[in-house]
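Topology and contacts: notes
Okay, here's what each chain looks like letter by letter:
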Amino acid sequence: MLKAGIVGLPNVGKSTLFNALVANAKAEAANFPFCTIEPNVGVVSVPDDRLQVLSDISSSAEIVPTRVEFVDIAGLVKGASQGEGLGNQFLANIREVDAIAHVVRCFDDDDIIHVSGSVDPVRDIEVINLELALSDLTQVDRRIERTRKLARTSKEAQLELTALEKLSAALNEGQPARQVDLTEEELESVRLLELLTLKPVIYAANVSEDDLATGNAWVEQVRAIAAQDRAQVAVVSAQVEAELVDLPAEDRQDFLESLGVREGGLQTLIRSSYELLGLRTYFTTGPKETRAWTIHAGMKAPQAAGVIHTDFERGFIRAETVSYKDLVTAGSMPAAKEKGWVRSEGKEYVVQEGDVMLFRFNV
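Cut-offs used in this document
- Residues numbered from 1 in each chain as written.
- Predicted model: local features only at pLDDT ≥ 70, side-chain atom pairs only at ≥ 80, totals over all residues.
- Heavy atoms only, no water.
- Helix = DSSP H or I, 4+ residues; strand = E, 2+ residues; numbered from the N terminus.
- Buried < 20%, exposed > 50% of the residue type's maximum accessible area, 1.4 Å probe, protein only.
- Contact = heavy atoms within 4.5 Å.
- Areas by Shrake-Rupley, 256 points an atom, 1.4 Å probe, with all protein chains shown as cover.
- Axes fitted to C-alpha atoms, helices over the stretch in contact; angles between N-to-C directions.
- Parallel < 35°, antiparallel > 145°, perpendicular 65-115°, else oblique.
- Left-handed = near helix turned anticlockwise from the far one by under 90°.
- Nonpolar A, V, L, I, M, F, W, Y, C, P; charged D, E, K, R; others polar.
- Arc of directions from axis to C-beta.
- Pairing = 2+ DSSP bridges.
- Lys, Arg positive; Asp, Glu negative; His and termini not counted.
- Salt bridge = Lys/Arg side-chain N within 4 Å of Asp/Glu carboxyl O.
- Polar contact = N/O pair within 3.5 Å; in protein donor to acceptor, adjacent residues only side chain to side chain.
- pLDDT = per-residue confidence, 0-100.
- Phe/Tyr/Trp six-rings, centres within 6.5 Å; stacked < 30°, edge-to-face > 60°.
- Lys NZ or Arg CZ within 6 Å of the ring centre and 35° of its normal.

Notes on the overall build of the chain
Scanning the chain for helices and strands turns up 14 helices and 13 strands. Counting across all 363 residues of the chain, residues that qualify as buried make up 48%. Contacts spanning at least 24 positions in sequence make up 68% of the contacts within the chain whose residues lie at least 6 apart. Taken as a whole, the chain presents about 17800 Å² of accessible surface, with 49% of it coming from carbon and sulfur.

Some points on the packing of helix α4 (residues 121-150) against helix α5 (residues 155-172)
Contact geometry of α4 with α5 gives a least axis separation of 9 Å together with a crossing angle of 150°. When the axes of α4 and α5 are compared, the pair comes out roughly antiparallel. Of the two elements, α4 crosses α5, and the hand of that crossing is left-handed. Touching Ala133, Asp136, Leu137, Val140, Asp141, Arg143, Ile144, Thr147, Arg148 and Leu150 of α4 are Ala157, Glu160, Leu161, Leu164, Glu165, Leu167, Ser168, Leu171 and Asn172, all from α5. Across the contact of α4 with α5, the residue classes tally to ten nonpolar, three polar and six charged.

A word on unusual backbone geometry
Its identity is not glycine, yet serine 59 carries a phi of approximately 55°, on the positive side. Mapped onto the fold, serine 59 is located in the loop between α2 (49-58) and β4 (63-64). One non-glycine residue with positive phi stands out, namely arginine 230, at about 50°. Inspection of the secondary structure puts arginine 230 in the loop between α7 (217-228) and β8 (232-236). Take arginine 230: its relative accessible area is 56%, and that puts it in the exposed class.

Quick look at helix α8 (residues 238-245)
Along α8, the residues classified as buried are Ala238, Val240, Glu241 and Leu244. All buried residues of α8 project into a common sector of 160° when viewed along the axis, lining one side.

Focus: the pairing of strand β6 (residues 99-105)
Within β6, seven of the seven residues are buried, leaving the element largely enclosed by the surrounding structure. Alternating positions in β6 separate into two faces, Ala99, Ala101, Val103 and Arg105 on one and Ile100, His102 and Val104 on the other, with burial throughout. As defined by bridge partners, strand β1 (residues 2-7) adjoins β6 across four bridges and the pair is classed as parallel. Residue pairing in the sheet places alanine 4 in a bridge with alanine 99 of β6. Here β6 pairs with strand β7 (residues 201-206) via six bridges, running parallel. Bridge assignment links valine 103 to a residue of β7, and that residue is alanine 204.

Quick look at the side chain of arginine 95
Take arginine 95: it is sitting in the loop between α3 (87-94) and β6. Although arginine 95 is buried, it forms no salt bridge, and the closest oppositely charged side chain is aspartate 136 at an N-O distance of 4.2 Å. A distance of 3.0 Å separates a polar side-chain atom of arginine 95 from the backbone oxygen of glutamate 194. Setting aside anything within four residues of it in sequence, one finds arginine 95 in contact with Ser135, Asp136, Gln139, Leu193, Glu194, Leu195, Leu196 and Lys199.

A closer look at the confidence of the model for the chain
For the chain, per-residue confidence averages 86 on the pLDDT scale, and residues scoring 70 or more make up 89% of the total. Of all the helices and strands in the chain, strand β2 (residues 35-38) carries the lowest mean pLDDT, 46, while helix α13 (residues 324-330) carries the highest, 97.

Quick notes on the packing of α8 against helix α9 (residues 249-258)
Axis separation between α8 and α9 bottoms out at 10 Å; the angle between their running directions is 150°. If you check the angle between α8 and α9, you find them roughly antiparallel. Crossing geometry of α8 relative to α9 is assigned as right-handed. Across from Val240, Glu243, Leu244 and Val245 in α8, the residues of α9 making contact are Arg252, Phe255 and Leu256. A breakdown of the residues in the contact of α8 with α9 according to their chemical character gives five nonpolar, no polar and two charged.

Let's talk about the pattern of salt bridges
Tallying each qualifying case throughout the model produces 21 salt bridges. One salt bridge in this structure joins arginine 123 and aspartate 124, with 3.2 Å as the shortest N-O distance. Judged by relative accessible area, which is 22%, arginine 123 ranks as partly exposed. Residue class for aspartate 124 comes out buried when judged on its relative accessible area of 3%. Where salt bridges share partners, they join Arg318, Glu320, Lys337 and Arg360 into one cluster.

With respect to the packing of aromatic side chains
The tally for this structure, following the rule as stated, stands at four aromatic pairs. Ring pairing ties together the aromatic residues Tyr282, Phe316 and Phe359, which thus form one cluster. Here the guanidinium or amino end of arginine 105 rests over the ring plane of phenylalanine 107, the centre of that ring lying 4.5 Å away. For the cation-ring pair, lysine 339 lies above tryptophan 341, with the distance from its terminal atom to the ring centre recorded as 5.4 Å.

What follows is the structure, given as structure tokens:
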């Protein structure tokens, strides 16, 4: 399950957005289950219209979407890397997520006081990024001291030391670890450190209702930073998400379209997360259930089968595969087979977005 941490300064709309996202997911439909693990963690189902279509074709008894866990991480203040505010809790929680959704205030409202007295996305981003970098720098420099001794006799330690020194130099310059040019071996050598600035970032530009479709000058500032930071930008509106909570499901799309947008913040953030992390979705479907599965781009058929169960990967024989589009066009699996659209794929097949698959394997 993808785990995304929602972070931001106080009063940027972080918690409002989180609460609205998990409430909206709950109200999506009966086919999209929802649960709250604890007050600041919500597990939401990934909305995907393809599931219902496949379920109708297969007369499935159940729909099982893939899920995303959102964590509303404690607000950050300047000095968090030194333990200010809830800094230590904040930093510990970030280490546990796959991606960071950094909510940045891009709206003006006299009734909502900004912690720094004015709206300035560039400054706000720099505050959080600096705290993360300082925390990483402390950890990296501490690790360098230990590794330098081991490097005298260990090639593995020499490799790690090279990576650590590159990271230390970059972090001292305020550059996040994800921008450092590390080889695959060097990256693997420091992976267990769970560096905060190695986490992929989505900047969630929180705008007013009026700016949701077009953005504004503040959003452009965020996009400029993201372009340098190998990051995604998702334009969202906590205000709109909160309004959606009170609307019947059937009225939501009309409301969004009246604002000039086609999707809500939940879909926008999930789509951006999937693009950032290089994730893909494939499906299994039959009378019992239609289910979505999340894999990494480039995964071959046996690995994709292993997401369901390790026995599927271990005993993989072949995968009967048809694209979602072809199956829908055919109208049924037997019809797709008659047209020759259902393929028998072997161990080297790279699974594509939207593939509908049936795995054959030996127990």
